[in-house]
Amino acid sequence: MTRLTCYCLRVRKRLRKKKIPDCQTPPTYAEIDEAIGALVQWTQRVYFSDDLDNLKHNRSCTSKLRKLAPFLDCENVISVGGRLRRADLPFGEKCPILLPKEAWMTRLLIDHVHRSNGHPGTQTVQTIIHRRFWVLSARSVIQKQLHRCIPRFKALPRAPQPLM
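Residues numbered from 1 in each chain as written. Predicted model: local features only at pLDDT ≥ 70, side-chain atom pairs only at ≥ 80, totals over all residues. Heavy atoms only, no water.

1. Things to note about the overall build of the protein
Thinking step 1. A tally of regular secondary structure across the protein gives nine helices and four strands.
Thinking step 2. In the protein, buried positions account for 35% of the 164 residues.
Thinking step 3. Pairs at least 24 apart in sequence give 47% of the contacts found in the protein among residues at least 6 apart.
Thinking step 4. Within the structure as shown, the protein displays about 11400 Å² of accessible surface, and the carbon and sulfur contribution to it stands at 55%. (Helix = DSSP H or I, 4+ residues; strand = E, 2+ residues; numbered from the N terminus. Buried < 20%, exposed > 50% of the residue type's maximum accessible area, 1.4 Å probe, protein only. Contact = heavy atoms within 4.5 Å. Areas by Shrake-Rupley, 256 points an atom, 1.4 Å probe, with all protein chains shown as cover.)

The structure is reproduced here in structure tokens:
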């Protein structure tokens, strides 16, 4: 999905007469990062439109986000604040980007992390995702998504019940 978004962003830049790389070359890391940013902005506009307007006008957010101390970063993306702001960590880990639990992008992100890391369990997937993103009700969403993973359940050994 990110590659497709990269190519769509290239076409948009070409139509705006900006200098872009050849369409035949694979996307660069910077283009993939830009595509992820565009997908996150679109997802947040769809699911958090009221909260985005409130944050832009310095008003309080809805009750489900208020505890997370959300704020808008320089790219107008809702990030999660909190005590980690004072930690000696990269900005992406201190203030992860907020994602809704219902979004298709969240499901694709969980699938990507799960498959690219060798089908780990719920806690490992959640830890990897929390390095950059904060998913609302992450544990339950990840468990639902991993429950659909057939290779994971084939690899899980089950202890046989002893005969009594």
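2. A short note on the pattern of salt bridges
Thinking step 1. This model, assessed by the stated rule, comprises one salt bridge.
Thinking step 2. For Arg 132, the salt bridge is made with Asp 33, and the minimal N-O distance between the two is 2.7 Å. Residue Arg 132 is found in the loop between helix 7 (122–129) and strand 4 (133–135), and its partner Asp 33 is found in helix 2 (residues 29–47); the two are separated by 99 residues along the sequence.
Thinking step 3. With a relative accessible area of 31%, Arg 132 lands in the partly exposed category.
Thinking step 4. A relative accessible area of 32% places Asp 33 in the partly exposed class. (Salt bridge = Lys/Arg side-chain N within 4 Å of Asp/Glu carboxyl O.)

3. Let's talk about a positive patch on the surface
Thinking step 1. On the surface, Lys 64, Lys 101, Lys 144 and Arg 148 cluster together into a positively charged patch.
Thinking step 2. Inspection of the secondary structure assignment puts Lys 101 in the loop between strand 3 (97–99) and helix 6 (104–116). (Patch = residues over 30% accessible without salt bridge, like charges linked within 9 Å, V, L, I, M, F, W, Y side chains within 5 Å. Lys, Arg positive; Asp, Glu negative; His and termini not counted. Charge placed at Lys NZ, Arg CZ, Asp CG, Glu CD.)

4. A closer look at the nonpolar core
Thinking step 1. Core analysis: the largest hydrophobic core is formed by 18 residues, its most contacted members being Val 40, Leu 99, Val 125, Ile 129, Phe 133 and Ile 142.
Thinking step 2. Core analysis: the next-biggest nonpolar cluster, separate from the first, contains 10 residues, Phe 48, Ile 78, Leu 98 and Leu 136 among them. (Core = buried A, V, L, I, M, F, W, Y, C linked by side-chain atoms within 4.5 Å.)

5. Quick look at the environment of Lys 94
Thinking step 1. Structurally, Lys 94 can be placed in helix 5 (residues 91–94).
Thinking step 2. Judged by relative accessible area, which is 17%, Lys 94 ranks as buried.
Thinking step 3. Taking the C-alpha atoms as reference points, Lys 94 and Gly 82, 12 residues apart in sequence, are found 8.3 Å from one another.
Thinking step 4. The residues contacting Lys 94, other than those within four sequence positions of it, are Val 80, Leu 84, Arg 85, Ala 87 and Leu 89.

6. Quick notes on the environment of Arg 59
Thinking step 1. With respect to the helices and strands, the residue Arg 59 is situated in the loop between helix 3 (49–56) and helix 4 (63–66).
Thinking step 2. Those residues within four positions of Arg 59 in sequence are excluded, and the remaining contacts are Asp 53 and Asn 54.

7. Observations regarding a nonpolar patch on the surface
Thinking step 1. Taken together, the side chains of Trp 42, Val 46 and Tyr 47 make up a nonpolar region of the molecular surface, amounting to roughly 310 Å² of accessible area.
Thinking step 2. The topology assignment puts Val 46 in helix 2.

8. With respect to the environment of Asn 58
Thinking step 1. The topology assignment puts Asn 58 in the loop between helix 3 and helix 4.
Thinking step 2. Counting along the chain gives 14 residues from Asn 58 to Leu 72, while the straight-line C-alpha distance between them is 10.0 Å.

9. Brief notes about helix 2
Thinking step 1. Between its first and last C-alpha atoms helix 2 spans 27 Å; for 19 residues at 1.5 Å apiece the expected length is 27 Å, and the two agree.
Thinking step 2. Where helix 2 is concerned, the buried positions are Glu 31, Ala 35, Ile 36, Leu 39, Val 40, Thr 43 and Gln 44.
Thinking step 3. Looking at the packing, one finds that the buried side of helix 2 touches helix 1 (2–15), helix 3, strand 2 (78–80), strand 3, helix 6 and strand 4. (Expected span 1.5 Å × (residues − 1).)

10. Describing helix 3
Thinking step 1. Every buried residue belonging to helix 3 is among Asp 51, Leu 52, Asn 54 and Leu 55, and all of these are buried. The buried residues of helix 3 occupy an angular sector of 165 degrees when projected down its axis, which confines them to one face.
Thinking step 2. Here the buried face of helix 3 lies against helix 2, helix 4, strand 1 (70–72) and strand 2.
Thinking step 3. Once helix 3 ends, the next one or two residues include Asn 58, with phi positive near 55 degrees. (Arc of directions from axis to C-beta.)

Any functional reading would require information that these geometric values do not contain.
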